[in-house]
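Okay, here's what each chain looks like letter by letter:
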Amino acid sequence: MNRSCKLFCWIVLITPIAALQAQETGHGAVHRQHPPQDQALHEKFYSTWHMPDNPSVSCCNSADCYPTDIKYIEGQIYARRREDGRYILIPPQKVERNRDNPDGRNHLCAPPPALSPLDSVYCFALGGAT
């Protein structure tokens, strides 16, 4: 390999790893925590939430879940992923229909994009009663 290829390959391979590490331990850590006034409410809600399409599996934890904005496009729900601001499609089977959320906001449980290039969604709760 020539020098420019080695440098390019190193950047392509290391950049996603560095971004994930920054997200978990540094600059992005703020995105993975709730405001102090919401912490207890969210921990209680998230710790008892199970996947609507697989009730034996826990939805999430406080690192995977957060309040979010949504938009509707052609009758489908898209929720804003906090790590990159991108709106991702919410599969209908991932929408919670059997319980209300704790604060009337929309909530998304999803892995960060560095861990899920396919825009996976664990769970979603629509704001207000569902």
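Worth saying up front: this structure is predicted, and the values here are computed from it rather than measured.

Enquirer: Could you give me a rundown of the sheet that holds strand S3 (residues 65-68), with the residues and numbers involved?
Expert: Pairing is antiparallel across the open sheet formed by 3 strands, whose spatial order is S3-S7-S8. The outermost strands of the open sheet, each flanked by one partner alone, are S3 and strand S8 (123-125). On average, each strand axis in the sheet is inclined to that of its neighbour by 20°, with strand direction left out of account. Taken together, the 3 bridges between strand S7 (residues 106-109) and S8 define a ladder with antiparallel strand orientation. Opposite Leu108, over in S8, you have Phe124 as the bridge partner. In this fold helix H2 (residues 39-47) packs onto S3, S7 and S8, with an angle of close to 115° to the strand it touches most, S3.

Enquirer: Which residues make up the packing of aromatic side chains, and what values go with them?
Expert: Inspection of every chain in the model, using the stated rule, returns 3 aromatic pairs. Each ring, one from Phe45 and one from Tyr46, has its centre 5.5 Å from the other, and the planes form 50°; the classification is tilted. Taking relative accessible area as the criterion, Tyr46 reaches 1% and is therefore assigned buried. Each ring, one from Tyr46 and one from Trp49, has its centre 6.2 Å from the other, and the planes form 15°; the classification is stacked. Taken together, Phe45, Tyr46 and Trp49 form an aromatic cluster joined through their ring pairs. Of note, Lys71 hangs over the ring of Tyr87, and the distance from its end group to the ring centre comes to 4.3 Å.

Enquirer: Got a sec to walk through the pairing of strand S5 (residues 76-80)? Specific residues and values, please.
Expert: Looking at chain direction, strand S4 (residues 70-73) and S5 are connected through 4 bridges and run antiparallel. Paired with Ile73 across the strands is Gln76, a residue of S5. Linking S4 back to S5 in an antiparallel pair, the connection comprises 2 residues, with Glu74 at a positive phi of about 50°. Inspection of the sheet shows S5 paired to strand S6 (residues 87-89) by 3 bridges, in the antiparallel sense. Paired with Arg80 across the two strands is Tyr87, which belongs to S6. Hairpin remark: S5 followed by S6, antiparallel, with 6 residues in the connecting loop; positive phi at Gly85, about 75°.

Enquirer: Can you explain the environment of Ser58? Please cite residues and give values.
Expert: One can find Ser58 in strand S2 (residues 54-58). With a relative accessible area of 37%, Ser58 lands in the partly exposed category. For the pair Ser58 and Cys123, spaced 65 residues apart in sequence, the C-alpha separation works out to 9.4 Å. Residues in contact with Ser58, not counting those within four places in the same chain, are Trp49, His50 and Met51.

Enquirer: Just give me the short version of H2, but keep the residues and values in it.
Expert: Each full turn of the α-helix corresponds to 3.6 residues, which orients residues three or four apart in the same direction. Within the sequence span of H2, burial applies to His42, Phe45 and Tyr46. Seen from one end, H2 has its buried residues packed into an arc of 90°, which puts them on one side. Residues of H2 that are exposed and point over 90 degrees away from its buried face: Ala40, Lys44 and Ser47. Those residues of H2 that are buried lie in contact with S3, S7 and S8.

Thresholds applied
- Residues numbered from 1 in each chain as written.
- Predicted model: local features only at pLDDT ≥ 70, side-chain atom pairs only at ≥ 80, totals over all residues.
- Heavy atoms only, no water.
- Pairing = 2+ DSSP bridges.
- Helix = DSSP H or I, 4+ residues; strand = E, 2+ residues; numbered from the N terminus.
- Axes fitted to C-alpha atoms, helices over the stretch in contact; angles between N-to-C directions.
- Contact = heavy atoms within 4.5 Å.
- Phe/Tyr/Trp six-rings, centres within 6.5 Å; stacked < 30°, edge-to-face > 60°.
- Buried < 20%, exposed > 50% of the residue type's maximum accessible area, 1.4 Å probe, protein only.
- Lys NZ or Arg CZ within 6 Å of the ring centre and 35° of its normal.
- Arc of directions from axis to C-beta.

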